[in-house]
Every structure is written in C-alpha cells, then in structure tokens.
Amino acid sequence: MTHDELEKLFRHGDTTPDAISTRLIAARVSTGLRQNEIASAVGIPKQTYHSQESRGAPSIKAGRYFYRAHGIDFNYLFFGDFLQLAPDVRDRLTVALIAASK
C-alpha cells in the first residue's frame, strides 16, 4: 500500500469517536483477543471495555495495556498515526482495518 492509502485506511488525523472506535476494535482484533480477554488484562469489566470500543473512548488503562503488551500506542489509537509502529504491528493493524472496512 502507498503512504496515502495507509493514511486513508488508518484515518490519519481523524479524532472522531467513530474513527477511534474503528482503530480500537482493529487493535483488539490484531491481537487475536476477545473483548473479555482485553478487559481482564486491563482489569475492568467486559461491559466497560465494550462501551469504550462502542463509544470510541478508550481509557488510559486500556491504551497503556495496548502499548505495553502489544506495541500499539496512543498516537495510533487517538490520531491514526502509524509511522512509529513496529512494521509487524502496523501490518497486523492494516489487515484488521482492511477487514473492518469490508
């Protein structure tokens, strides 16, 4: 994919709840974990995590978990920045975002 195509796919710079929700869901999908597994790892109820995904409003605890455990940082979650991501992480997120856009 070209840089421009990646910017569009990652919704670079889009800070709407919809864009953040899409990126948060893609982050989870890219890890191969379910909502209840992410919630457990973060230390919150599943319904709370589900609400964060739905509203596009991840908590700091959830963002910190994705960064520490999976190398997915706040810049990706909130702004769609992808250049700072490790290549393997960016590739997994790309696959998850393509699947989400179909």
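Residues numbered from 1 in each chain as written. Predicted model: local features only at pLDDT ≥ 70, side-chain atom pairs only at ≥ 80, totals over all residues. Heavy atoms only, no water.

**Some details on the pattern of salt bridges**
Within the structure shown, the criterion is met by five salt bridges. A salt bridge links D14 to R11; its shortest N-O distance comes to 3.1 Å. Note on D14: relative accessible area 21%, which makes it partly exposed. Judged by relative accessible area, R11 falls into the partly exposed class, the value being 25%. Between D88 and R92 there is a salt bridge, with its nearest N and O atoms 3.3 Å apart. (Salt bridge = Lys/Arg side-chain N within 4 Å of Asp/Glu carboxyl O. Buried < 20%, exposed > 50% of the residue type's maximum accessible area, 1.4 Å probe, protein only.)

**Regarding the packing of aromatic side chains**
Under the defined criterion, the tally for this structure stands at four aromatic pairs. Here F10 and Y76 contribute two aromatic rings whose centre-to-centre distance is 5.8 Å and whose plane-to-plane angle is 80°, an arrangement assigned as edge-to-face. Of this pair, F10 sits in helix 1 (residues 3-10) while Y76 sits in helix 6 (residues 74-79); the two residues are 66 residues apart in sequence, bridging distant segments of the chain. In this structure Y76 comes out as buried when scored by relative accessible area, which is 0%. Seen in terms of ring centroids, Y65 and F66 are 5.6 Å apart; in terms of plane orientation they differ by 65°. Their pairing is edge-to-face. Here the aromatic residues F10, Y76 and F82 are joined through ring pairs into a cluster of three or more. (Phe/Tyr/Trp six-rings, centres within 6.5 Å; stacked < 30°, edge-to-face > 60°. Helix = DSSP H or I, 4+ residues; strand = E, 2+ residues; numbered from the N terminus.)

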